[in-house]
2 protein chains.
Amino acid sequence: MPDTVQVVFTPSGKRGQIAAGKSVLEAAQQLGVDLDTVCGGRGLCDRCQIDLSAGEFAKFGITSDPSHLSPPSAAEREFFGADAKPQRRLGCQAKLLGDAVIDIPPESQAHRQVVRKRADVHGITLGPAVRLHYAEVPEPNMHEPSGDLQRLLDALEFEWGLRDLHCDFHVLAALQPALREGKWKVTAAVHAERDVIGVWPGLKSEAFGVAVDVGSTTIAAHLCDLVSGEARAAGGRMNPQIRFGEDLMSRVSYAMMNPGGEADMTRAVREALQGLIEEVAGEAKVAPEDILDLVLVGNPVMHHLLLGINPVELGGAPFALATDAAVTARASDLELRVHPGARAYLLPCIAGHVGADAAAATLSEAPHAREEITLVVDVGTNAELVLGNSHRMVAASSPTGPAFEGAQISGGQRAAPGAIERVRIDRETLEPRFRVIGCEAWSDEKSFAENAQVTGICGSGIIEVIAELFLAGVIKSDGVIDGAAAEKSARVLPDGKTWCYLLHRDEKKKDSPLIRITQNDVRAIQLAKAALYAGARLLMDKLGIEKLERIRLAGAFGAHIDVKYAMVLGMIPDCELAHVTSAGNAAGAGAIITLLDKTARLEIEDTVRRIEKIETAIEPKFQEHFVDALAIPHKSAAYENLRKEVDLPAPSMGADGEASGRPRRRSRRRN
Amino acid sequence: MPDTVQVVFTPSGKRGQIAAGKSVLEAAQQLGVDLDTVCGGRGLCDRCQIDLSAGEFAKFGITSDPSHLSPPSAAEREFFGADAKPQRRLGCQAKLLGDAVIDIPPESQAHRQVVRKRADVHGITLGPAVRLHYAEVPEPNMHEPSGDLQRLLDALEFEWGLRDLHCDFHVLAALQPALREGKWKVTAAVHAERDVIGVWPGLKSEAFGVAVDVGSTTIAAHLCDLVSGEARAAGGRMNPQIRFGEDLMSRVSYAMMNPGGEADMTRAVREALQGLIEEVAGEAKVAPEDILDLVLVGNPVMHHLLLGINPVELGGAPFALATDAAVTARASDLELRVHPGARAYLLPCIAGHVGADAAAATLSEAPHAREEITLVVDVGTNAELVLGNSHRMVAASSPTGPAFEGAQISGGQRAAPGAIERVRIDRETLEPRFRVIGCEAWSDEKSFAENAQVTGICGSGIIEVIAELFLAGVIKSDGVIDGAAAEKSARVLPDGKTWCYLLHRDEKKKDSPLIRITQNDVRAIQLAKAALYAGARLLMDKLGIEKLERIRLAGAFGAHIDVKYAMVLGMIPDCELAHVTSAGNAAGAGAIITLLDKTARLEIEDTVRRIEKIETAIEPKFQEHFVDALAIPHKSAAYENLRKEVDLPAPSMGADGEASGRPRRRSRRRN
């Protein structure tokens, strides 16, 4: 056996001379190669698997051969059993006897890229805040008496380089039994390389975390394996706070009007969260006690209620957050019954109306890490807007109101089975075709009547029907439903002093709802879309730009909306149509990233600090943009581009022959 | 008005040129003079009171006059009212208009010496771990939105220099209401210059702490004002764990024999602690919510049970502590209902049998801060021994058993009213005289029969009666009760194969106990005193010394024992009688020091780390010293010195004429 051997690691390409007889794991650690281990190289866990690449490697000048590693150890024979492949070895067991090229498969990298399947997430580098560390602790002896905790901390420092660890209070009582049951071998869970939050006898190689997006309407959770990075289960449930108020502001009002009302809402959301955590844990066959970390995101009101903070200050100017920093709490502080040492991390809120959910979406969409200017839009009761790139970021919220969510619309409802979500209107006959959530068929197809139950119209349906009515000439550029269209179709009906459009009425079904588009509905959507546009335009002013390079529409609204119709309505500023895309559940994805990669916490905390917060309510330009944007469509290069691609009327071709309703409205404002 | 004025502060003597118009408080801060303030110089608190010294000060070359300070402000007129003295001012209000000599009275020093009255403590420099800080927080505004917490933290940094503060979870919910109720003026309680643990609207200038000595038998608490350093109330109660076992080892046995038994004992002691805290708070008219800090000391078993740690490991070799470091917990972790952010600090245990109480006694007696070699002894079920000086410290526990506490003695009882505590025996007639706790009269005085109720004999009484019986020739040097003495007195009676001495029997009272000293009682005391002596002697061996310069006897035992009799029995090693003194409740005093002065925490943690821990059970020399020390008295220079002072028999003058029982016992051990 030579004194030293030449070792090359792939795919990193790291190489060096290693003393013969060292294990592959030791060689990797010496050369700074990322090879995972939980047991610290004792052949107990399976995390350090490697592949020997056999052959002559001219570029490295070495010959690599299976015989250059020591024969499989008892631990390896037991672990691989009959399925043993000659090249696959445990890095801690295989000792280097000669030159070798060692491949680290992706799953053996401690900081591997994790590609999510069930959640729409970019590649994530695994590095959770809570890690498991196996340690062999010296037994106590009477010659050098010392505390069991001190010997554990010494072992964690010696074996894992963890210095100045602090120990959670509850661990004190669990420590001595664990050390003795494990025969002085234990696994410690360490949070943020600082706090020992749990200890188990022997080797423990499983730890889990849950990422939760606490929305006003629904709570969605993903349970992830913190060791492998794998998503193991997902689930959702209604936010039971709905019984205190449908939208955010009505919940804030509930807290204002009812002493202790905020505590009722806090209790409700925490109980739902506990139930959801138990549900996803059950689905993944994971004990709640094995959940060691939580990441929670939500809008400012949800964020405050979750923390037990009365949200009343968010209900009125100056909309002061209790804290604009990230919060690391104990899960038990939130009355969640998982592992007693589990932590809960809440991303920072950006401003009084731009929440931790927007921060999570920002983390996921990463405008701060790109050169191109990106607008991230999350539409709920307010639209939360984050705009910028690696040089500068601004954020604001726009008071869209809940119209985009189907609220305050005559036939409106939340996006749920039975809701009309797609609408087409014949430009001549004004007859509609539509599709409802939960049924693939269009309303003029045969299978529709058999399968579909129409209950109302959701946000994306309202946007489409209003855009289609505009394109068909029924709605004029100033938003007025044109009574003249009644001559073309009996669906255009008088409604008091205004007109309405009858979208749906199934005479054969007794309970079938009457779904009309009223003048008020059009006004609500006009106000909402003008607010959204004006908020985005204000942020563009701040950056001094006229055109966006990329728009990402986050959340359920962004996933369902047809971008073309958003453009027809004039909801969003100029951007090439191809670069306006849905970001899916970006807030949830950001929560998962934060759960699996603790460096994301520093990244988003730093980004949120750097974001310039704009308050639309005190910006005179906002009001100006708002009024300019009330017309359908408003004059924009994007709309002009769209016209070239698809058959759209010019902005000046509204039924009243005017370019838009702008001049009149503007003069009204000036009075 | 001159541009600058000359200011001299007394008693510090610090002086300098100060810009005219600055306040005395600003001048003090500029010159590094210790002048207290809670409100930060706003005339709201009364902590910065100063006295102007009027006159010509030749040594400083200045003339100081009341007119050299600005006239009393409205705040001062309101505060001092009719009692105003011309020289007494508030430092933050009085502005320097001319040269001045300013005296800082002791009570206005932030780090003043506190001399305790009700607890036996040396002067303490006030510097509690929890301090109150008044701050004026900028209001939120929409132009620069930021969280309320961040503005509070900025204010605390700006006004008080407190950086990188962390905020307790429960404070988040309390913060916004406090800021608004206090009109953006709040007082924050900060622990260890690191954690914001509470926040109150407006100025709060009162904060309290409780120091508790959790003994196996009694729990004693002192409530202190953390702002003034004053002791405000004290109280004690029985440790209810007594129902699980009289002494420590029987409680450990209870935990071993009964699953969950340790939790019962934890609950019992915490409930008693809560009751005691409420009692002392009530006595001082303090709300439990105003208690912000706790310091707790106790032996290792009490320490572990208080923390909810099963003490079984302390019941057998190697006597491993769960932790040998200090523990800072939340009071709520210990299920104590005081302020929700209150902390609880437990001093470190020194070793498996040498507890946080011994550490506290060490802190109070401070051998580590002296040149002279000091032995600190705390006698309970074990004797905890700490020996050394500023150069080197050693510690051990000696298995004295509970005989010194009156247990395992035929007529023995705890030191409580009715217990015989002082005994004299006539050398000729062998008639006793004694005194009981709770009555000033001796038993041969007239008022004794009217006032005293004899119930048993406590530790100090046992030591005196055995020493007196030895001095009277009834007990021989080897501890045998000499039947020949029966010829002198009918009080010496046969008792099976041995003899006993009848100390007390009141024939007139029906329930009066028969109090005898049996051969077994003598043996128990012999074993106990030999263990105590041998432990101390072993530590002296470690330091290589033959004689002690100072012995401090801590605890109730030390307070009651007559040192001369301890010397007669041979309980303690050679030391000049005048330097063997009671340390009072040294553990309780150490707890109070730790409560009032946070630097004491670092001091005792560092000292405990440096103490060399000696385990008597594995030291062959301990056994040797033990056997040598069984005789009464054993041969010692101290006894020889004592003989010269008082009329004592020579060691060789035991009734059997031998020097001691040593040779016989030693040979028995060698068999």
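Reading the values: rules and limits
Numbers given to residues run from 1 along each chain, matching the order in which its sequence is written. Here the convention is simple: chains get letters from A, ligands get numbers from 1, in the order in which they are written. Predicted model: local features are reported for residues with pLDDT of at least 70 only, side-chain atom pairs are reported and counted for 80 or more only, and whole-chain, interface and lining totals are derived from all residues. Where side-chain values are given, they derive from all heavy atoms of the structure, hydrogens and water being excluded. By definition, residues are in contact when any of their heavy atoms lie within 4.5 Å. When two parts are put together, the accessible area they lose, computed with a 1.4 Å probe and summed over both, is reported as buried area. By salt bridge we mean one thing: a side-chain nitrogen of Lys or Arg within 4 Å of a carboxyl oxygen of Asp or Glu. Counted as a polar contact is a pair of N or O atoms within 3.5 Å, where, for protein atoms, one must be capable of donating a hydrogen and the other of accepting one, and residues adjacent in sequence contribute only when both atoms are in side chains. Each residue is assigned to one of three classes by its accessible area relative to the maximum for its type, calculated with a 1.4 Å probe on protein chains only: buried under 20%, partly exposed between the two thresholds, exposed over 50%. Helix numbering and strand numbering both begin at the N terminus, where a helix is a DSSP run of H or I of at least 4 residues and a strand a DSSP run of E of at least 2. All copies are superposed by least squares; the fitting set is the C-alpha atoms of residues with a pLDDT of at least 70 in both. Here a cavity denotes grid points, spaced 1 Å and computed from the protein atoms alone, that fit a 1.4 Å probe unable to get out, and a pocket denotes an open set having protein on both sides within 12 Å along at least 5 of 7 lines; residues with an atom within 4 Å of a point are the lining. Grid points are joined across faces, edges and corners, and a volume is the space filled by probe spheres set on the points. Polarity classes work like this: nonpolar for Ala, Val, Leu, Ile, Met, Phe, Trp, Tyr, Cys and Pro, charged for Asp, Glu, Lys and Arg, and polar for all others, with Gly in that last group. Two strands form a pair only when DSSP identifies at least two bridges running between them.

A.B. asks: Whenever I open this one, the interface of chain A and chain B confuses me. Can you help?
C.D. replies: By a frequent convention, interface size equals the accessible area lost on bringing the separate parts together. Counting residues at the interface gives 41 residues for chain A, matched by 41 residues for chain B. Carbon and sulfur atoms make up 65% of the area that chain A and chain B hide from each other, which totals about 3,200 Å². Contact with chain B buries surface across chain A, with Met142, Phe169 and Gln176 of chain A losing the most and accounting together for 23% of the total. Counting the contacts that link chain A with chain B gives two salt bridges. A salt bridge links Glu313 of chain B to Arg180 of chain A; the shortest N-O distance between them is 2.9 Å. Linking chain A to chain B there are 18 residue pairs in polar contact (both at pLDDT 80 or more).

A.B. asks: It is not clear to me how the pattern of salt bridges should be interpreted in this structure. Could you clarify?
C.D. replies: Opposite charge on two side chains makes pairing possible when the charged atoms of those side chains draw close. By the definition in use, this model includes 73 salt bridges over all chains. A salt bridge links Glu157 of chain A to Arg163 of chain A; its shortest N-O distance comes to 2.8 Å. Look at Glu157 of chain A and you get partly exposed, because its relative accessible area is 31%. We note a salt bridge from Glu624 of chain B to Lys621 of chain B, for which the minimum N-O separation is 4.0 Å. Of this pair, Glu624 of chain B and Lys621 of chain B both sit in helix α16 (residues 620-628), three residues apart, roughly one helical turn. Judged by its relative accessible area of 39%, Lys621 of chain B falls in the partly exposed class. Each member of the salt-bridge network shares a partner with another, and the members are Asp168, Arg194, Asp195, Arg330 and Arg343 of chain A.

A.B. asks: Any chance you could explain the relation of the copies chain A and chain B here in plain terms?
C.D. replies: Superposition of the two copies of the chain requires a rotation about an axis together with a shift along that axis. Rotating chain A by 180° about the axis while translating it 0.0 Å along that axis superimposes it on chain B, leaving an RMSD of 0.1 Å. The relationship between the two copies is best expressed as a two-fold rotation axis. Across chain A, the smallest distance between a C-alpha and the rotation axis is recorded for Asp333 of chain A, namely 6.0 Å. Both copies present the same face, since 100% of the interface residues in chain A are matched by interface residues at the equivalent positions in chain B.

A.B. asks: Help me understand empty space enclosed by the protein, please; the structure alone is not making it clear to me.
C.D. replies: With a probe scaled to a water molecule rolled over the atoms, the places where space remains empty come into view. With the rule as written, the count across this model stands at five cavities of 30 Å³ or more. Empty space within the largest cavity amounts to approximately 90 Å³. If you trace the largest cavity, you find 13 residues lining it, with Phe319, Ala351 and Gly352 of chain A together with Pro145 and Ser146 of chain B closest to the centre. In this model, the second largest cavity occupies a volume close to 80 Å³. Lining the second largest cavity are 13 residues, and of these Ala351, Val354, Ser397, Ile614 and Glu615 of chain A sit closest to its centre. The element contributing the most residues to the lining of the second largest cavity is strand β22 (residues 393-398) of chain A, with three residues. In terms of residue class, the lining of the second largest cavity is built from seven nonpolar, four polar and two charged.

A.B. asks: Explain the pairing of strand β20 (residues 374-379) of chain B here, please?
C.D. replies: One face of the sheet, then the other: side chains in a regular strand alternate in exactly this way. Residue and element names in this part refer to chain B. Along β20, six of the six residues are buried, which leaves the element largely enclosed by surrounding structure. Neither face of β20 is open: one carries Thr374, Val376 and Asp378, the other Leu375, Val377 and Val379, and all of them are buried. As defined by bridge partners, β20 adjoins strand β21 (residues 383-388) across six bridges and the pair is classed as antiparallel. The residue bridging Leu375 from the neighbouring strand is Leu387, located in β21. Joining the antiparallel neighbours β20 and β21 is a turn of three residues. Relative to strand β29 (residues 550-554), β20 is paired through five bridges, and the arrangement is parallel. In the strand pairing of β29, Asp378 is matched with Ala554.

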